[in-house]
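Residues per chain, in single letters:
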Amino acid sequence: MADSNEMTINLVVLGRTQTGKSAAGNSLLGSSDFESHHSPTSVTTCCSLGRSCRISGIIRRNGCELALRVRVLDTPSYPHSGLSKEQVRDTVSSALAHHFRDEGLHLALLVLRADLPLCPDESDHTIQFIQELLGPTWKDFTAVLLTHADKAEGAGFSEEAYLHSASSTLLSLLSSVQHKYIFLDNQKSIIKEERAIVLRKLLNFIRQNNYQVLQLKHSKK
C-alpha cells in the first residue's frame with residue numbers, strides 16, 4: 001500500500017505464444033501498454049511493467065473505499081519461438097526480482113486459451129516452468145486466466161458446461177491452484193464494467209490468501 005487509502009496489487013502474466021497474454025495484461029490495466037497482435041512468431045521478447053491509473057469503486061476494507069492501482073509484468077512466452085527455456089526463465093526471474101523485490105508478488109496469472117485443449121505434456125512443462133520461477137509455494141500464488149472465452153461461448157459452452165466437458169489435465173491444474181480461475185471474454189474485457197468484475201475476482205483470490213505476497217529474489221548474482 002502506498003497510503004492508507006490506496007492498495008497496489010502486483011501481477012505477472014505467464015503463458016504460451018498467442019494465448020492472449022499481453023492482451024490480458026492490457027485488459028487488467030485498462031490500457032494498451034503491451035504490444036499484442038497475431039503473428040507467426042512470439043511477439044513479446046522481453047519483460048515490461050505496466051501501471052494502471054487509480055481505480056475507484058473496486059475494493060473496500062474496514063468499511064472504507066480504497067483506490068486500487070494495478071501493476072502487471074508482461075513476459076516472453078514459454079515455449080518461445082526465438083528464446084530458449086533458460087533465457088525466458090532468467091529474463092522473467094530477473095524482472096520479477098527487479099520490479100517486485102520490495103513489495104512482493106500477489107499473483108502469477110497463467111494464461112490459457114479456453115478455445116484450445118490443454119494437453120498433458122503442455123501442462124507438465126508449464127507447471128515445471130512456474131515452479132522454477134516461483135518456488136514450492138507456487139500454487140498459493142497462481143491463478144488461471146482462460147482467454148477467448150467468447151469463442152467457447154460462441155460454440156455453445158457456458159462456463160459450467162465448459163468445465164463439465166474440460167479435459168482431466170485442465171481440471172487437475174485448476175484443482176492444484178485451489179480453483180482460482182477466471183474466464184476472460186476478449187470482446188468484452190475492454191469494457192470498464194467487465195474489467196471491474198475481473199479485478200474483484202482477483203482481489204478475492206488475494207483476500208483468500210490473506211493478502212500474502214511472494215517474496216522474490218533473482219537466483220543469479
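Since this is a predicted model, take the numbers as computed values, not measurements. Per chain, residues are indexed from 1 in the order of the written sequence. Local features in a predicted model are, by the rule used here, given only for residues with pLDDT of at least 70; side-chain atom pairs are given and counted only at 80 or more, and totals for whole chains, interfaces and linings are based on all residues. Values shown for side chains rest on all heavy atoms present in the structure; no hydrogens or waters enter the calculation.

**Some points on the overall build of the protein**
- In terms of helices and strands, the protein carries seven helices and seven strands.
- In this treatment the radius of gyration is a C-alpha quantity, and the globule benchmark scales as 2.2 Å times the residue count to the 0.38 power. Compactness check: the protein gives a C-alpha radius of gyration of 17 Å against a globular reference of 17 Å for 221 residues, within 12% of the reference.
- Burial analysis of the protein (221 residues in total) assigns 50% to the buried set.
- A separation threshold of at least 6 residues defines the contact pool for the protein, and within that pool the share at least 24 residues apart is 75%.
- Split by element, the accessible area of the protein, about 11100 Å² in all, is 49% carbon and sulfur.
- For the purpose of counting charges, residues Lys and Arg are taken to be positive, whereas Asp and Glu are taken to be negative. His and the chain ends are not included. Charged groups are reduced to one reference atom each: NZ for lysine, CZ for arginine, CG for aspartic acid, CD for glutamic acid. A gap of 6 Å separates the mean positions of the 24 positive and 23 negative side-chain charges of the protein. Each helix corresponds to a stretch of at least 4 residues labelled H or I by DSSP, and each strand to a stretch of at least 2 residues labelled E; elements are numbered beginning at the N terminus. When accessible area is computed with a 1.4 Å probe and restricted to protein chains, residues below 20% of their type maximum are described as buried, those above 50% as exposed, and intermediate ones as partly exposed. Contacts are assigned to residue pairs that have any heavy atoms within 4.5 Å of one another. Only the protein chains shown count as cover for residues, with accessible areas throughout obtained via the Shrake-Rupley method and a probe of 1.4 Å.

**Looking at the side chain of R71**
- Inspection of the secondary structure puts R71 in strand β4 (residues 64-74).
- At 2.9 Å, the side chain of R71 forms a polar contact with the side chain of N10.
- Counted as a polar contact is a pair of N or O atoms within 3.5 Å, where, for protein atoms, one must be capable of donating a hydrogen and the other of accepting one, and residues adjacent in sequence contribute only when both atoms are in side chains. One polar contact links the side chain of R71 to the main-chain carbonyl oxygen of H99, over a distance of 3.2 Å.
- Sequence-distant contacts of R71, defined by excluding residues within four places in its chain, comprise T8, I9, N10, L11, L49, G50, R51, H99, F100 and E103.

**Description of the packing of aromatic side chains**
- By convention, a stacked pair of Phe, Tyr or Trp rings (six-membered ring in the case of Trp) has centres within 6.5 Å and planes under 30 degrees apart, an edge-to-face pair has planes over 60 apart, and any other such pair is tilted. In the structure shown here, the tally under the stated rule is four aromatic pairs.
- An angle of 15° between the planes, with centres 4.6 Å apart, marks the rings of Y78 and F129 as stacked. Taken together, the residues span a long stretch of sequence, with Y78 in the loop between β4 and α2 (85-100) and F129 in helix α3 (residues 120-134) at a distance of 51 residues. The two residues Y78 and F129 agree in class, both being buried.
- Ring centres of Y162 and F183 lie 5.5 Å apart, and the angle between their planes is 90°; on these two criteria the pair is classed as edge-to-face. Of this pair, Y162 sits in helix α5 (residues 159-165) while F183 is found in strand β7 (residues 181-183), placing the two residues 21 residues apart along the sequence. For the pair Y162 and F183, a shared accessibility class is recorded, and that class is buried.
- Among the aromatic residues, those joined into a ring-pair cluster are F157, Y162, Y181 and F183.
- Whether a charge sits over a ring depends on NZ of Lys or CZ of Arg being within 6 Å of the ring centre and within 35 degrees of the ring normal. Looking at R61, its charged tip hangs above the ring of Y211, at a distance of 3.9 Å from the centre.

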